[in-house]
There are 2 protein chains.
Amino acid sequence: MMFLARVYVTLKPMVNDPQGLTVKGGLHTLGFAAVMDVRVGKFIEVTLEAPGRAEAQQHVERMCRQLLVNPVIETFRFDLEPAPV
Amino acid sequence: MMFLARVYVTLKPMVNDPQGLTVKGGLHTLGFAAVMDVRVGKFIEVTLEAPGRAEAQQHVERMCRQLLVNPVIETFRFDLEPAPV
């Protein structure tokens, strides 16, 4: 079965986010004074083949821990659905 | 009222994604042979003050069009919720 995993990777709350600060500055310059905070993370879509949902879940979890996420500074969550044909 | 907008920015389907290809290659090297495709996008969390939900929605939409998204190669969607205290 083919699955689509949507992985959301975000910096931990304590971690400084220079990219987010830059975007926030840019938004203020453009007149969006009401913006209080901006955090920039990653959104990774992985299409994978697996015998079932449980296996797909395990695989994606391992991918995150081994490559997609830096556990020192980032956290992640993901959802899983059958891949659109 | 304080709102949290979660903005998902993805490359359009036609657009080449070298970062995604690199990640896919890395996952294959690590033994995840079942990975068919990887696309890497951005996940931006914007905390903003607005009088109501409709205004917040409009502001975020304009931020996306003016700064956060490159409409030539990217598309976006976002959801909006009251910011956690």
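Scroll up to find the structure this text is about.
Residues numbered from 1 in each chain as written. Chains lettered and ligands numbered in written order. Predicted model: local features only at pLDDT ≥ 70, side-chain atom pairs only at ≥ 80, totals over all residues. Heavy atoms only, no water.

1. Re the sheet that holds strand β1 (residues 2–11) of chain A
We apply this condition: Any two strands are treated as partners once DSSP identifies two or more bridges connecting them. Counting from the N terminus, the helices are the DSSP runs of H or I reaching at least four residues and the strands are the DSSP runs of E reaching at least two. Simply put, an axis is a line fit to the C-alpha atoms, just over the touching stretch for a helix, and the angle between two N-to-C directions goes from 0 to 180 degrees. What makes two residues a contact is simply this: any of their non-hydrogen atoms within 4.5 Å.
Pairing within the open sheet is antiparallel, and its six strands lie in the order β3(A)-β1(A)-β2(A)-β2(B)-β1(B)-β3(B). Bordering the open sheet on either side are β3 (74–82) of chain A together with β3 (74–82) of chain B, each of which pairs with just one other strand. Direction aside, neighbouring strands of the sheet carry axes that sit 20° apart on average. Where strand β1 (residues 2–11) of chain B lies against strand β2 (residues 35–49) of chain B, eight bridges are found, and the strand directions are antiparallel. By the bridge assignment, B:Tyr8 is partnered in β2(B) with B:Phe43. Along the sheet, helix α2 (residues 53–68) of chain A makes contact with β1, β2 (35–49) and β3 of chain A together with β2 of chain B, crossing β3(A) at roughly 150°.

2. So, the relation of the copies chain A and chain B
In plain terms, the rule: The atoms used to superpose the copies are C-alpha atoms, taken from residues with pLDDT of at least 70 in both, and the fit is least squares.
Least-squares fitting of chain A to chain B yields an RMSD of 0.0 Å, with the superposition described by an axial translation of 0.0 Å and a rotation of 180°. With respect to symmetry, the two chain copies, as superposed, fit the operation of a two-fold axis. Residue A:Lys42, judged by its C-alpha, is the member of chain A lying nearest the rotation axis, at 2.3 Å. Here 100% of the interface residues in chain A have copies in chain B that are interface residues too; the copies meet face to matching face.

3. Focus: the pattern of salt bridges
All names here are of chain A. Keep this limit in mind: Here a salt bridge means any side-chain nitrogen of Lys or Arg lying within 4 Å of a carboxyl oxygen belonging to Asp or Glu. Classification of residues uses two cut-offs on accessible area relative to the type maximum, computed with a 1.4 Å probe and protein chains only: under 20% is buried, over 50% is exposed, and between them is partly exposed.
Counted under the stated rule, the structure contains eight salt bridges over all chains. The salt bridge involving Lys 42 is made with Glu 74; its shortest N-O contact spans 3.8 Å. Taken as a pair, Lys 42 in strand β2 and Glu 74 in strand β3 lie far apart in primary sequence, 32 residues in all. A relative accessible area of 27% means that Lys 42 is categorised as partly exposed. Connected through salt bridges with shared partners, the residues Arg 6, Glu 45 and Glu 81 form a single ionic network.

4. Describing the environment of A:Tyr8
Operational definition: Within 3.5 Å is the distance limit for a polar contact, defined as a pair of N or O atoms, with the added protein rule that one can donate a hydrogen and the other accept it, and that residues adjacent in sequence qualify only through two side-chain atoms.
Along the chain, A:Tyr8 turns up in strand β1. Exposure remark for A:Tyr8: the relative accessible area of 6% places this residue in the buried category. Between the C-alpha atom of A:Tyr8 and that of A:Val40, which follows or precedes it by 32 residues, the distance is 11 Å. Sequence-distant contacts of A:Tyr8, that is, excluding residues within four places in its chain, are made with A:Lys42, A:Phe43, A:Thr75, A:Phe76, A:Arg77, A:Phe78, A:Asp79, B:Tyr8, B:Phe43 and B:Arg77. Polar contacts involving the side chain of A:Tyr8 include one to the side chain of A:Asp79, which spans 3.4 Å.

5. Re the interface of chain A and chain B
Rule in force here: When two parts are put together, the accessible area they lose, computed with a 1.4 Å probe and summed over both, is reported as buried area. For this classification, Asp, Glu, Lys and Arg are treated as charged, while Ala, Val, Leu, Ile, Met, Phe, Trp, Tyr, Cys and Pro are nonpolar and the rest, including Gly, are polar.
At the junction of the two partners, chain A supplies 33 residues and chain B supplies 33 residues. Taking both sides of the interface into account, the surface hidden between chain A and chain B amounts to around 2,800 Å²; carbon and sulfur atoms contribute 70%. Linking chain A to chain B there are zero salt bridges. Mapped by element, the contributors of at least two residues to the side of chain A that touches chain B are β1, α1 (18–29), β2 and α2 of chain A. In terms of residue class, the side of chain A that touches chain B is made up of 19 nonpolar, six polar and eight charged. In the sheet, β2(A) pairs with β2(B) via 13 bridges, with the strands oriented antiparallel. Bridge pairing links A:Thr47 to B:Asp37 in β2(B).

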